[in-house]
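# Secondary and tertiary structure notes
Below, each chain spelled out in residue letters.
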Amino acid sequence: MFFKHLTKSSHCVSVREIRKNRKDRRSFTTMKRILVLMLLALGLSCVRAHRVNKHKPWIESSYHGVITENSDVVLLDPPLVALDKDAPVPYAGEICGFHVHGLSAPFEAVVLNRTSGEGRLRARGPIDCERQREFTFIIQARDCGTGPEGHGEKRSHKAVVHVEVGDVNEFSPVFGQLEYHGSVTEGKVYDSILQVQASDQDCSPQYSQICNYQITSQDTAFAIDRNGNIRNTASLNFDKKSHYKIHVTAFDCGQKRAAQDAVVHIHVQPICKPGWQGWSKLIDYEPGTGSKLLFPKMHLETCVGWVSWIRTTVELETSGAGRGCDRQSHSERALQKLCGASSGSTDLLPAPSGVFNWTATLVADGGRDSDLSYRFDGRQAAKIPDWVVPQNLTDQFTITTWMKHGPSPGQRAEKETLLCNSDKTEMNRHHYSLYVHNCRLVFLLRTDYTQTDSFRPAEFHWKLEQICDKEWHYYVISVDFPVVTLYVDGVTYDPYLVTDDWPIHSSQIDLQLTVGACWQGGEVSKAKFTQYFRGSLSGLTIRSGKIASQKIISCLQTCKEGLDITSPESLRQRIKFHLNPAQSLVVMEGEDLEQMNAALRKVSYINSRQFPTKGARHLRISTAVQCFGEDVCISVPDIEAVVMVMQPSEPRIIITGAEHLTVPASNLALGLSLFRDLHIISTVTNTDHRSGALKEIAHNLDYCDIMVLGEELRAGLESLELHHSALLGKHLEYANSSTGMSIYGVDSISHYTEVIRQVHYQSRQAVDSVRTFRLTCSELNGRYTSDQYMLQVNILHGEEAFEHVNHAMAPPKYMQIIHPTVTESNSYSLVVPAVATAVIVVCIAALLVVLLSVYYLNQPENQEHIHTHTLPEKQAECDRSFLSITVNPLESFQELQSAEEVTEEEDEEDDCDISTSESDSDEEETAMSSIHHQTRMQWGTSTSHC
């Protein structure tokens, strides 16, 4: 049509040319008519052509387009262009629009140029590839019709448009589940343990497909392929690690990483190996909780069918606690008394204190929280003071000690002396000794000629593994001469060799008892120690007489911790079990596996010590199994566990009382009660695990030391006194010296307080103005000690005593003193009538004379010796009669002097010693309290007046 339109326009132009050249043409009338007719016909056709839309627009039959999601521009191929043969006729030859068929198609087409027919396809809103990846719809073009109103418009044919949505990588990969679980059997390598899967919500294959997986955990024995299959790169071991936790991520093909990693748990299943399962390697034990089950969920895996017999052994190793285990922490001497042995033991290795101070230079072994023991490395030794050494040893005596000893260095080891009693000077004779030589224990006992003059057994040798195994053992050497018996951990051993020797010649040479070496005081240029011991010792004692029974020996070395079986009566018929005396070994036998499992769950650990030694206790379980028809069908490996004893609550010992006392020197001859208002408090709190409340725990002390600070007590002039009646009914003893007094024995705090309050300080010739005493107490053989309680005694002499006579027995906290009536002037002087003053002076002088007379009459003869708890027999025979002296302050000074002379004569005739007990101190207080009206002193049997 377009070409036809161009032809018509050319024809009209030709007619115009003919008209212009009609004068030249040779045709005349005919031709002229023809031309006129033709022109008329052509004019009519032109006018008609301008008024009629003859042709429809034309477009391509199909289009293919692409649009990127989240944009509105569609790129079409071929471009959108509509043509009309009516062009250039206005309206009829112009394109006015495009029409998109399909309500669901989110597109529209717009005309960019009406004349050229160019158009553009665009989206009406955002396109989401994830919702719909492609669209197909119909499009038509329309012309403008015959006029501006669009009447008579024509539409093109329908063309198919196919639009694809281009994807954007806007989504990250997401795993189907955040946690995966898989299991492997130990020792195997798998091609695939499990597969993880991730997905991507993007619509295109490029962005929606997962192209790679990766393990992000470091140092792992696993790998993963592109399909998400996880495998192990090495064989796994259940005992080393039974569970692995790895992290895995994923990448899509656009290399976008997953927002959250997946966690993969790989569980290693053991190859069925016979052994115990369901037990813990570490078991915490809280002190004071009693018995605790060790294996409440334990069971034995046999990996076979029925078994015919099972034997299980549970062994507790406690060598790391104290002397092989937690035992009583009191001194060996106190333990012997607690176990029922008679008194009389001498503790040669006590805890260092004021009186027992020879162990202060030794090296303590085991630490503060452990039992008291001493370590000897070949350079330490201790001399035992003469007053400690037992002097009454006969043919029967006993030596006890704990010892830990290892092999001696060198091929020919020297003697290592534990205990030695040798000449102090001049000679080098060993009277008795206990030593180790080449892992043999030797006891030497040399009698003297006063007992026999013939060959006698002298050296007793034992060869035992325990002597050099570096473990603690309890040794008891019981001497019943000529028989010597050795007990090691309660087991009796006879000597394998006994050698004889001549008796020792008697002499006047003093002896020296030593521990850790032997003293060589003679036959050398300089006295020295020799034959040093290398090892550890504890609880070394010597006592006269034999230990009564095997039961006492067992009590002395019994552990306070061990294994126990809860409700053993329920096992007697089904399981046979044996528990050794030390409770360190449990053996169970049975035929049923489940019953054996139930029996083992009843095994518990118990520690009955109030303050156990903290630290580890090792457990070992060994098992033997038999199957039907076979001797041994499977092998069950031994297992080891640890019981960890936690730190116990520690006690705090507090001592309170008066810190200062003031007393006239004249009053000290009768004795001063130092600690009358003493109070000892020891607090320990322990949590009650059932109720959660705190409760107080009752416990005991084992010694208290009263030390004299400064100059020692002067022999024969000063002493600390304690009446033996104060110890009646108590487990206490005491030792006395010039440096102080030590009260010892395992007993209650109340008993210790009661005894210490009865300690008196006596001075027959006071020279010092101040005496200071220090009191400390301990429990568990020095493991816990109190604070230091200091007491200062101010002693008044001469005029000071007169000025302070009314305050002689200060402090008034526990003494009631009656003061004379006085008047205090502005100048702070005493104002009394002259006669009364003279009478008071006379009475005081008379009282001093009486006291001095009593002192000289009762001067003891053996003050140079160390005091013990035995009082003189003369004092016990005192007839307790009383002398009443009444002083009248209104009589003359001469009459008072005559009364004093009578009193002195009567006291000289009476041979009764002055008692230093508490009653005498009370009498002194009464006399001082009545000094204003009368002075009365109860002493003899006659009466005199001043």
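Residues numbered from 1 in each chain as written. Predicted model: local features only at pLDDT ≥ 70, side-chain atom pairs only at ≥ 80, totals over all residues. Heavy atoms only, no water.

In this structure the tally under the stated criterion is 17 aromatic pairs. Plain terms: the ring middles of Phe175 and Tyr213 are 6.3 Å apart, the flat faces sit at 45° to each other, and that makes the pair tilted. Here the residue Phe175 occupies a position in strand β8 (residues 174–175), and Tyr213 occupies one in strand β12 (residues 210–215), the gap between them amounting to 38 residues. Residues Phe175 and Tyr213 agree in their burial class; the two are buried. On the numbers, 4.9 Å between centres and 90° between planes, the contact of Tyr285 with Tyr605 is edge-to-face. With Tyr285 in strand β18 (residues 282–285) and Tyr605 in strand β42 (residues 603–607), this pair connects stretches of sequence that are 320 residues apart. Of the two residues, Tyr285 and Tyr605, neither departs from the other in class, the shared state being buried. The residue whose ring lies beneath Lys383 is Trp519, and the NZ or CZ to ring-centre distance is 3.6 Å. (Phe/Tyr/Trp six-rings, centres within 6.5 Å; stacked < 30°, edge-to-face > 60°. Helix = DSSP H or I, 4+ residues; strand = E, 2+ residues; numbered from the N terminus. Buried < 20%, exposed > 50% of the residue type's maximum accessible area, 1.4 Å probe, protein only. Lys NZ or Arg CZ within 6 Å of the ring centre and 35° of its normal.)

Here the focus is the sheet that holds β18. An order of β18-β44-β43-β21-β41-β40 is seen for the six strands of this open sheet, with the pairing classed as mixed. The outermost strands of the open sheet, each flanked by one partner alone, are β18 and β40 (576–579). Between one strand axis and the next, the sheet turns through 15° on average, direction left out of account. In this fold helix α6 (residues 593–600) packs onto β21 (307–317) and β41 (585–590), with an angle of close to 15° to the strand it touches most, β21. (Pairing = 2+ DSSP bridges. Axes fitted to C-alpha atoms, helices over the stretch in contact; angles between N-to-C directions. Contact = heavy atoms within 4.5 Å.)

Turning next to unusual backbone geometry. The peptide bond linking Ala87 to Pro88 adopts the cis configuration, its omega dihedral lying at 5°. In this structure, Pro88 sits in the loop between β2 (75–77) and β3 (95–101). The omega angle of the peptide bond from Phe481 to Pro482 is 10°, so this bond is cis rather than trans. Along the chain, Pro482 turns up in the loop between β31 (472–480) and β32 (483–488). Phi at Asp219 takes a positive value of approximately 50°, unusual for a residue other than glycine. If you trace the backbone, Asp219 turns up in the loop between β12 and β13 (222–224). Positive phi, close to 55°, is recorded for Gln531, a residue that is not glycine. By the secondary structure assignment, Gln531 is in the loop between β37 (528–530) and β38 (534–544).

Further remarks concern the state of the cysteines. Two cysteines whose sulfur atoms are joined by a covalent bond form what is called a disulfide. Considering all chains together, one arrives at six disulfides under this definition. The residue that forms a disulfide with Cys129 is Cys203, at a sulfur-sulfur distance of 1.5 Å. Across the disulfide from Cys129 to Cys203, rotation about the S-S bond amounts to roughly 100°, and the bridge is consequently right-handed. In this pair, Cys129 sits in the loop between β5 (118–123) and β6 (134–143) while Cys203 sits in the loop between β11 (198–199) and α3 (205–208), placing the two residues 74 residues apart along the sequence. Here the two residues Cys129 and Cys203 agree in accessibility, since each one is buried. For Cys420, the disulfide goes to Cys518, at an S-S distance of 1.8 Å. (Disulfide = S-S within 2.5 Å.)

By the secondary structure assignment, Asp200 is in the loop between β11 and α3. Although Asp200 is buried, it makes no salt bridge; Lys256 carries the closest opposite charge, 7.6 Å away. Within the structure, the side chain of Asp200 is placed 3.0 Å from the backbone nitrogen of Asp202, a separation counted as a polar contact. (Lys, Arg positive; Asp, Glu negative; His and termini not counted. Salt bridge = Lys/Arg side-chain N within 4 Å of Asp/Glu carboxyl O. Polar contact = N/O pair within 3.5 Å; in protein donor to acceptor, adjacent residues only side chain to side chain.)

On to the pairing of β18. Walk down a regular strand and you will see the side chains alternate between the two sheet faces. Burial along β18 is one-sided: the residues Ile283 and Tyr285 are buried and none of Leu282 and Asp284 is. Bridging between β18 and strand β44 (residues 639–645) involves four bridges; their strand directions are parallel. From the neighbouring strand, Asp284 faces β44, where its bridge partner is Met644.

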